[in-house]
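Examination of the molecular architecture
Below, each chain spelled out in residue letters.
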Amino acid sequence: MRLNLTADRGPMTLGQKLWHFSWFFLLLLCVIAGIGFGMLYSAANGAWDPWASRQAMRFGVGLVLLLAIALTDIRIWLRYAYVLYVLVLALLVGVEVMGVIGMGAQRWIDLGFIQLQPSEVMKIVLVLALARYFHGASLEDIGRPGFLVFPLVLVGAPVVLVLRQPDLGTAIMMTMTAAVIFFLAGVRMWKFALVGAAVLGALPVAWSLMHGYQRRRILTFLDPESDPLGAGYHILQSKIALGSGGVLGKGFMHGSQSHLNFLPEKQTDFIFTMLAEEFGMAGGLTLLGLYMLVLVFGFAIALRVRNQFGRLVALGVTGTFFFYVFINIAMVMGLLPVVGVPLPLISYGGTAMLSILIGFGFLMSAYVHRDVRISRHGTSEDD
Amino acid sequence: MYREDNTRSKAFSRRALILGGAQLGLAGVLVGRMYQLQVLESHRYKMLADENRINMRLLPPPRGRILDRFGVPIAENRENYRALLIAEQAPDVERTLDTLTRLIQLSEYDRRRILREIRRRRSFVPVTVRENLDWQEVSRIEVNAPDLPGVVIDVGQSRVYALGERGAHLLGYVAAVSEKEQGDDPLLELPGFRIGKSGVEKEYDIKLRGKAGSSQLEVNALGRVIRELDRQEGQPGHDIHLTIDLALQNFAIDKLQDKKSAAAVVMDVNSGEVLALASVPGFDPTAFNTGLSRSDWQSIVSNPYAPLTNKAVSGQYAPGSTFKMVVALAALESGAISPDLRVFCRGHTQLGNARFHCWKKGGHGWVDMRDAIQHSCDVYFYEAARRAGIDRIAEMAKRFGLGDATGIDLPGERAGLIPTRKWKKGAVGVAWQKGETLVAGIGQGFVLTTPLQLAVMTARLANGRLKIKPHLVRQLEGGKAPAEAQKFDALGVSSEALRVIVDGMNAVANDRHGTAYRARIEEEGWEMAGKTGTSQVRRISKHERDTRVLKNEERPWKERDHALFVAFAPVHAPRYAIAVVVEHGGGGSAVAAPIARDILRETLRRDPTGAGAATTAGKGVPPPARKGEREA
């Protein structure tokens with residue numbers, strides 16, 4: 001085994017950190033975001049306003065955040081993981097309470113340039129908290145069922161809050177992300193199977209607790225053409241747009257479905273449809289390929305990092321990112337019900353953009369500090 | 001410590017690979033779905049996208065014109081200026097309407113309708129504010145355009161009728177399509193499209209309508225038009241040339257105008273062409289097009305003179321004495337009587353216990369058939385009818401076009417009624433009474449005819465050979481005249497019998513003692529032959545007959561007799577036949593005959609072939625020996 005000299009030389013200098021930073025990864029993110037700006041430009045019928053310009057500004061802010069997080073020592077993030085979790089959970093409770101007291105269902109906090117949705121940030125902070133917990137766990141610990149109670153509470157609290165909003169898409173994403181971390185930490189397969197069976201058994205109960213519009217969404221997902229002008233309209237129009245795009249598409253700014261407004265929410269949830277209508281399957285595959293590159297990069301980092309916290313954060317963030325991509329694209333192609341998950345880095349919307357970039361900030365932090373070894377108790381092993 | 005971390009790291013790597021594999025698999029599912037939608041099913045979705053995007057809009061063709069026999073337009077299209085309001089272009093609809101109300105007349109009712117339509121439609125769909133703007137109103141709106149945001153002037157087409165209410169029954173009118181009339185033609189679904197609702201407009205609606213053009217428009221999800229992709233012009237409706245003479249129709253209405261309710265039909269005895277078809281009172285055909293107010297509608301419907309009914313084809317009247325030619329022919333042709341039969345009229349005849357009266361209280365004395373027609377002696381025809389029997393009379397009546405619809409190219413024609421034994425058994429359920437044959441013999445009782453049928457009957461009498469049929473259309477544009485295509489059946493009545501009848505009809509008008517002598521045509525060569533008729537609409541009681549029968553003027557309008565007259569001219573070379581019915585008008589000779597005479601003379605005067613080189617000598621046929629009388 002190769003001896004790591006860097007770790008032994010004490011704290012890294014800024015220059016070392018910048019050297020360790022993956023500029024290629026940053027370029028990849030910029031390319032994807034650039035595609036997004038182009039689509040938003042088209043969605044506004046060839047105008048930077050109102051979407052593309054604001055999106056670019058948010059991306060810029062997000063990049064600064066990403067860099068700041070990436071260059072901060074991973075051990076600091078380890079130390080404050082629970083604190084961040086508690087803070088964001090408090091915000092989540094806060095908007096929930098405000099939403100109840102106030103007239104409407106306001107679920108964001110206005111930061112001036114963006115309206116921050118705590119539930120989006122929670123997806124990332126949850127990864128941190130779980131990684132922090134499992135960082136200190138040996139395989140024997142994980143084998144004990146009682147050991148899993150605390151992390152389940154960590155997951156359960158925000159999921160319940162988000163479900164109450166009600167935001168099924170976010171709740172599912174949080175659960176799946178958590179499952180990924182549990183899985184990577186080494187929780188036995190049969191326990192997943194057990195939970196899976198329990199979930200299946202609970203489906204009828206969940207159905208009875210669902211809101212009418214949620215049930216309708218699921219029903220129209222199963223048979224969208226039964227109600228072509230009602231709730232099935234979105235899915236059907238999206239499939240028409242995608243299918244009519246063909247292999248090479250109708251050309252930039254020439255998507256009839258998008259530009260004649262048959263396609264709903266073309267700048268947010270259905271932006272992939274618009275891309276695939278205007279650039280065809282070729283465009284769709286290109287974007288998917290870029291996303292896969294991000295994914296591969298995430299895995300490469302995770303396997304390269306030498307501390308459990310960093311590894312778990314790296315794949316937790318990558319997993320979250322993957323779920324965004326998969327659920328959104330599957331949703332607009334009619335493979336999943338419309339649950340309102342944006343396409344990361346492309347869909348117009350500040351919170352998702354920021355939380356993704358923040359997430360990648362932690363991923364980068366893990367990469368920059370890949371050779372730092374951290375004891376199970378949260379300190380450097382050489383301290 | 002290191003070892004522990006090592007095993008953990010290995011477990012992590014193993015599971016990371018599993019996770020990566022799973023995610024790659026899911027990405028593969030996305031690619032597969034993309035392939036399915038964008039390659040395999042792409043064609044179907046391309047079609048659906050075009051269906052979304054492309055909207056066919058129909059372009060209504062201009063409606064064909066209706067022309068009279070000389071090519072003068074009777075119904076045509078005129079440009080109709082209307083004001084439309086596009087809500088989304090008007091920041092304050094109420095304000096715009098206020099301003100508009102100061103410029104053009106706009107009722108509170110209109111205003112509510114406009115606001116309701118604006119609420120119901122999408123904001124870029126124009127709503128009609130008012131139609132039929134005149135030039136002053138149009139220019140007033142145009143000048144004030146800056147103060148009227150959202151108001152635009154649009155040119156449409158509306159139907160105008162040269163005859164106005166004088167041709168309303170004949171031509172009918174056009175109006176919006178009702179739900180029941182929706183059919184295969186997509187034009188019918190076009191908002192604001194008008195179709196023929198009655199008269200010629202209805203009968204020839206398909207020809208007049210034309211074929212729709214279409215425009216392919218690209219629209220967005222809200223239906224707003226983005227641009228036109230393709231355009232196909234339609235086919236304008238065919239013009240229709242009628243057999244009607246516009247001036248004669250006008251003349252006929254003029255003559256009927258002062259009667260409360262009347263009808264007249266003029267037709268060519270050789271071709272069956274109808275030259276005038278008049279019915280009064282009329283109605284304003286454009287009122288139905290632009291929309292009637294409730295009160296206007298109520299006053300039309302409750303009008304006792306039934307302005308909506310085309311009495312020339314739908315009015316059914318007992319023919320009275322105008323039926324006597326048919327009775328005479330039935331008796332002659334069946335051999336039931338000979339032309340020389342003489343009957344003694346003492347004012348009434350007896351059948352069992354019942355007494356049947358002649359219109360002339362004192363009786364006519366000895367009369368033969370010619371005399372009986374000339375004086376319209378009822379007793380003679382009681383006898384003729386009794387001998388012929390009802391079924392023979394009915395058979396002859398049918399041969400002259402009575403009791404069946406004539407098949408004229410107009411909607412709403414009625415068949416009248418010619419009773420037979422079988423009919424009565426079936427319809428009334430009681431056996432035929434002999435007395436009823438006598439009543440039918442003078443055109444009363446069950447017998448009902450329309451003015452058009454009477455004109456056809458007279459035309460066949462004048463023609464003598466063919467069962468000519470009436471029709472209104474001379475030529476469809478680009479098509480053959482229906483008349484030429486029509487072969488008439490033989491009438492099958494002997495000329496000897498006809499000669500006796502025509503002789504009698506000639507005497508009616510031209511013998512000094514004829515019932516219509518005062519209404520004769522004096523121009524030499526144009527003389528007419530005719531028959532008066534006065535049909536009772538009430539029963540005259542025994543008491544009334546014993547004391548004094550009330551004169552028509554003393555009775556309420558509804559109880560007065562119908563005045564009828566049928567005639568043809570010139571008597572020696574028949575060209576035209578006419579039937580006139582004045583509802584509750586009184587006596588046929590005094591009321592109906594002069595009208596028929598005037599119209600018939602005008603018809604001959606307008607005949608381009610110059611049917612008779614008439615002189616205004618006023619000699620007529622030498623008067624017979626007997627004294628003239630008033631008839632009934």
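Conventions we followed
- Residue positions are given per chain, counting from 1 as you read along its sequence in written order.
- Just so you know, chain letters begin at A and ligand numbers begin at 1, following the order they were written in.
- Where totals are concerned, whole chains, interfaces and linings use all residues; where local detail is concerned, this predicted model gives features only for residues with pLDDT of at least 70, and gives and counts side-chain atom pairs only at 80 or more.
- Side-chain calculation: all heavy atoms of the structure are included, whereas hydrogens and water are not.
- We count a stretch as a helix when DSSP gives it H or I for four or more residues in a row; a strand needs E for two or more, and each element gets its number in order from the N terminus.
- Here the globule rule is a power law, 2.2 Å times the number of residues to the power 0.38, and the radius of gyration is based on C-alpha atoms.
- Whether a residue is buried, partly exposed or exposed follows from its accessible area with a 1.4 Å probe, protein chains only, as a fraction of its type maximum: under 20%, in between, or over 50%, in that order.
- When checking whether two residues touch, look at their non-hydrogen atoms; a contact exists if any pair is within 4.5 Å.
- Using a 1.4 Å probe, the Shrake-Rupley method yields the accessible areas, and only the shown protein chains count as cover for residues.
- In this tally, Asp and Glu contribute negative charge and Lys and Arg positive charge; neither His nor the terminal groups of the chain are included.
- Charged side chains are reduced to one point each, which is NZ for Lys, CZ for Arg, CG for Asp and CD for Glu.
- We treat two strands as partners when DSSP finds at least two bridges between them.
- To obtain an axis, a line is fitted to C-alpha atoms, over the contacting stretch when the element is a helix, and the angle between two such axes runs from 0 to 180 degrees between their N-to-C directions.
- Residue ranges assigned to each domain were obtained from an automatic or database domain assignment.
- When two parts are brought into contact, each loses some accessible area as probed by a 1.4 Å sphere; the total of that loss over both is the buried area.
- Should a side-chain nitrogen of Lys or Arg be within 4 Å of a carboxyl oxygen of Asp or Glu, the pair is scored as a salt bridge.
- Pairs of N or O atoms within 3.5 Å make up the polar contacts considered here, provided that, within protein, one atom can donate a hydrogen while the other can accept it, and that residues adjacent in sequence are counted only when both atoms are side-chain atoms.
- Charged means Asp, Glu, Lys or Arg here, nonpolar means Ala, Val, Leu, Ile, Met, Phe, Trp, Tyr, Cys or Pro, and polar covers whatever is left, Gly included.
- When two rings of Phe, Tyr or Trp (its six-membered ring) have centres within 6.5 Å they constitute a pair, described as stacked for plane angles under 30 degrees, edge-to-face for angles over 60, and tilted for the intermediate range.
- Note on terminology: a nonpolar core comprises buried Ala, Val, Leu, Ile, Met, Phe, Trp, Tyr and Cys residues joined through side-chain atoms within 4.5 Å.

The subject of this paragraph is the overall build of chain B. What chain B contains, in helices and strands, is 23 helices and 20 strands. Here the C-alpha radius of gyration of chain B, 36 Å, is well above what a compact globule of 632 residues would show, namely 26 Å. Dimensions along the principal axes, computed over C-alpha positions, put chain B at roughly 150 × 60 × 50 Å. Counting only residues that meet the buried cut, chain B has 53% of its 632 residues in that class. Long-range pairs, those at least 24 residues apart, make up 73% of the contacts in chain B with a sequence separation of at least 6. Split by element, the accessible area of chain B, about 29000 Å² in all, is 50% carbon and sulfur. Side-chain charges in chain B split into 92 positive and 76 negative, and the spacing between the mean points of these groups amounts to 5 Å.

Right, let's talk about the side chain of His259(A) for a bit. The topology assignment puts His259(A) in helix 13 (residues 256-259). Not counting residues within four places of it along the chain, the set of residues in contact with His259(A) comprises Ser42(A), Asn45(A), Met253(A), His254(A), Met274(A) and Glu278(A).

Our focus in this paragraph is the sheet that holds strand 9 (residues 225-232) of chain B. All names here are of chain B. Pairing is antiparallel in the open sheet, where 3 strands are placed in the order 1-8-9. The sheet terminates laterally at strand 1 (54-59) and strand 9, the two strands that pair on one side only. Recorded for the sheet is a direction-independent mean angle of 30 degrees between the axes of neighbouring strands. Across the face of the sheet, helix 2 (residues 42-53) comes into contact with strand 1, strand 8 (213-219) and strand 9 while running at roughly 45 degrees to strand 1.

Moving on, we get to the domain arrangement of chain B. All names here are of chain B. For chain B, the domain assignment lists domain 1 (50-72 + 162-242), domain 2 (76-156) and domain 3 (246-606). Between the C-alpha centres of domain 1 and domain 2 the distance comes to 23 Å. On the side of domain 2, 6 residues touch domain 1, which itself brings 7 residues to the contact. For the domain 1 face of the interface with domain 2, the top three residues by lost area are Arg65, Leu222 and Arg224, together amounting to 67%. Summed over the shared surface of domain 1 and domain 2, the result is 0 salt bridges. Our enumeration of links across domain 1 and domain 2 arrives at 1 residue pair in polar contact (both at pLDDT 80 or more). Across the side of domain 1 that touches domain 2, the residue classes tally to 2 nonpolar, 1 polar and 4 charged.

Residue and element names in this part refer to chain A. Taken as a whole and judged by the stated rule, the model has 29 aromatic pairs over all chains. Between Phe183 and Phe192, the aromatic rings sit 6.0 Å apart at their centres with planes inclined by 70 degrees, giving edge-to-face as the arrangement. The class for Phe183 is buried, based on a relative accessible area of 10%. Take Phe192: its relative accessible area is 26%, and that puts it in the partly exposed class. Here the aromatic residues Phe24, Phe25, Tyr291, Phe297, Phe321, Phe360 and Tyr367 are joined through ring pairs into a cluster of three or more.

On the chain B side, the residues contacting the 60 residues of chain A number 40 residues. Of the roughly 4400 Å² buried at the junction of chain A and chain B (both faces included), carbon and sulfur atoms supply 70%. The interface formed by chain A and chain B includes 0 salt bridges. At the junction of chain A with chain B, the criterion picks out 12 residue pairs in polar contact (both at pLDDT 80 or more). Counting only elements with at least two residues in the side of chain A that touches chain B, the list comes to helix 6 (118-135), helix 7 (139-143), helix 9 (168-185), helix 12 (233-245), helix 13, helix 14 (271-304) and helix 15 (308-332) of chain A. Here the side of chain A that touches chain B gets 12 residues from one element, more than from any other, and that element is helix 14 of chain A. Split into classes, the residues belonging to the side of chain A that touches chain B amount to 33 nonpolar, 17 polar and 10 charged.

Before going further, it helps to examine the pattern of salt bridges. All names here are of chain B. Considering all chains together, one arrives at 42 salt bridges over all chains under this definition. Between Lys398 and Asp404 there is a salt bridge, with the nearest N and O atoms lying 3.7 Å from each other. A relative accessible area of 37% places Lys398 in the partly exposed class. For Asp404, a relative accessible area of 37% translates into the label partly exposed. Linked by salt bridges that have partners in common, Arg63, Arg159, Glu201, Asp205 and Arg209 make up one network.

Another point: the nonpolar core. Leu277(B), Tyr380(B) and Ile501(B) are the most contacted members of the largest nonpolar core, which totals 135 residues. Two domains each put at least three residues into this core: domain 1 (50-72 + 162-242) and domain 3 (246-606) of chain B. Counting 133 residues, the second-largest nonpolar core is a separate cluster that includes Met12(A), Val127(A), Tyr291(A) and Leu295(A).

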